[in-house]
Amino acid sequence: MPASSPEDDFIELYPEALPAATCAALVERLAMSEGLRPGRVGAGVLPELKDSQDLGISGLPAWREAEAALNQAVFTGLLKYLRRYPHALVAPLMLQVPGEGGTSERLTPERLRAMDDAMLAPLVETVFRPGAINLQRYAADRGGYPYWHCELYPRDAHAETLHRHLLWTLYLNEGFVDGETEFLYQKRKIVPRTGALLLAPAAFTHTHRGNRPRGGEKVIATSWVLFQRAEQLYGGR
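Residues numbered from 1 in each chain as written. Predicted model: local features only at pLDDT ≥ 70, side-chain atom pairs only at ≥ 80, totals over all residues. Heavy atoms only, no water.

A. Expanded view of the packing of helix 2 (residues 64-84) against helix 5 (residues 117-127). Remark: helix 2 packs on helix 5, axes separated minimally by 11 Å, with the N-to-C direction vectors making an angle of 100 degrees. With respect to helix 5, the element helix 2 is oriented roughly perpendicular. Facing Phe-75, Leu-78, Leu-79, Leu-82 and Arg-83 of helix 2, the residues of helix 5 in contact are Asp-117, Leu-120, Ala-121, Val-124 and Glu-125. Its residues placed into classes, the contact of helix 2 with helix 5 shows seven nonpolar, no polar and three charged. (Axes fitted to C-alpha atoms, helices over the stretch in contact; angles between N-to-C directions. Helix = DSSP H or I, 4+ residues; strand = E, 2+ residues; numbered from the N terminus. Parallel < 35°, antiparallel > 145°, perpendicular 65-115°, else oblique. Contact = heavy atoms within 4.5 Å. Nonpolar A, V, L, I, M, F, W, Y, C, P; charged D, E, K, R; others polar.)

Structure representation (C-alpha cells):
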C-alpha cells in the first residue's frame, strides 16, 4: 500500500470529467426549466441553511440522456477513486473473485489496482448503484449552502440515506469568486472549475459546506454513490 501523504484525505478532484460544451448546455437548459424548486435539506426547505433552486432529473424522460452522461462521468471517476483508495470497496465487503483453476480468491487491494476497467467495472456495479441526481443553481451574492453537513443520516424507514458511501459534485460552470466546496476537518476548499468532478466520503469525517458565489451564479450536479441494498447483495440470507 502506498505511503500516506498530506493529500491522502480521500477528497479527489478529476478535471474535465464532463466536456465543457455539455456543461454549458446543461446550464442553459436548467435556466429555462419550469421545474426548478427551492432547494431542500433533510428537514425540508430551509433557505437559511441552503439557498438554491434545484431540479431533480432522475427518472424524468426529457432528462434521460443528461442523467446517463452524468452517471457515466461519475462512474469513470469512481474507477479511478477506487484504484487510489481500494479499501472503499474491499473493506466493507469480503469479496471473492475468480482465481486459478476455477477457485475463488479474496479480493485484495493489490489485485483491485491491477484490474483493467473491463474487469473492475462489473464488480463495482455489483456493489454500488447511482443515486438520484439533483441540478442546483446558487444565485450570485446570495445563494449557498453555509450549513456544515454530511450526507449520511437516518432519513427514512428504507434507510436509503444510510446507503450513501461517497458524495459527488460535478461543477457545471465557473466565472465567479468564492463558491468553493469547503471541507471542515480537512481544512480544504475545492474551487469550482467547469467539468470537474469531486468525489469524497459521505460520512461526518467529511463534513462540508457550499460557500456563496460572488459575482456570478454557481451551477452544479450532485448525488451519491450508494451501496446496493442488502436484498440485492445477499438475496434472502
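B. Structural detail: the pairing of strand 7 (residues 134-138). Of all five residues in strand 7, four are buried, a share of seventy percent or more. Note: strand 3 (residues 53-56) against strand 7, four bridges, orientation antiparallel. Its bridge partner lying in strand 7, Gln-53 is registered against Arg-137. Note that strand 7 and strand 16 (residues 218-227) share five bridges and pair antiparallel. In the strand pairing of strand 16, Gln-136 is matched with Ile-220. (Buried < 20%, exposed > 50% of the residue type's maximum accessible area, 1.4 Å probe, protein only. Pairing = 2+ DSSP bridges.)

C. Looking closely at the layout of surface pockets. Approximately 1,000 Å³ is the volume found for the largest pocket. Along its surface, the largest pocket is lined by 43 residues, and Arg-40, Lys-50, Glu-151, Arg-164 and Trp-224 are the ones closest to its centre. Secondary structure elements with two or more residues in the lining of the largest pocket: strand 3, strand 7, strand 8 (145-149), strand 9 (164-171), strand 14 (208-210) and strand 16. If one sorts the elements of the lining of the largest pocket by residue count, strand 16 sits on top with six residues. Looking at the lining of the largest pocket residue by residue, the classes come out as 18 nonpolar, 16 polar and nine charged. (1 Å grid on protein atoms, 1.4 Å probe; cavity = no way out; pocket = protein on both sides within 12 Å on 5 of 7 lines; lining within 4 Å. Points joined across faces, edges and corners; volume = space filled by probe spheres on them.)

D. How the structure looks around the pattern of salt bridges. Enumeration over the complete set of coordinates arrives at 14 salt bridges. Salt-bridge contacts for Glu-12 lead to Arg-84; the nearest nitrogen and oxygen are separated by 3.2 Å. Placement of the pair is Glu-12 in strand 1 (residues 12-14) and Arg-84 in helix 2, with a sequence separation of 72 residues. A relative accessible area of 10% places Glu-12 in the buried class. A salt bridge links Glu-160 to Arg-229; its shortest N-O distance comes to 2.7 Å. Note that Glu-160 is positioned in the loop between strand 8 and strand 9 and Arg-229 in the loop between strand 16 and helix 6 (230-234), a separation of 69 residues in sequence. Residue Glu-160 is classed as partly exposed on the basis of its relative accessible area of 26%. (Salt bridge = Lys/Arg side-chain N within 4 Å of Asp/Glu carboxyl O.)

E. The packing of aromatic side chains, seen in detail. Under the criterion given, the structure shown has three aromatic pairs. Relative to Tyr-85, the ring of Phe-10 has its centre 4.7 Å away and its plane inclined at 45 degrees; by these criteria the two rings are tilted. With a gap of 75 residues between them, Phe-10 in the segment before strand 1 and Tyr-85 in the loop between helix 2 and helix 3 (87-90) connect regions that are remote in the sequence. With a relative accessible area of 38%, Phe-10 lands in the partly exposed category. With a centroid separation of 5.3 Å and 40 degrees between ring planes, the pair formed by Phe-128 and Phe-227 is classed as tilted. On the criterion of sequence distance, the pair formed by Phe-128 in strand 6 (residues 128-130) and Phe-227 in strand 16 is long-range, its members being 99 residues apart. Cluster of aromatic residues (ring-pair linked, three or more members): Phe-10, Tyr-81 and Tyr-85. The ring of Trp-63 carries Arg-29 above its face, with NZ or CZ at 3.9 Å from the centroid. Geometry around Trp-224 places Arg-164 over its ring, the cationic atom sitting 3.5 Å from the centre. (Phe/Tyr/Trp six-rings, centres within 6.5 Å; stacked < 30°, edge-to-face > 60°. Lys NZ or Arg CZ within 6 Å of the ring centre and 35° of its normal.)

Everything listed is a geometric property; what it means functionally is a separate question.
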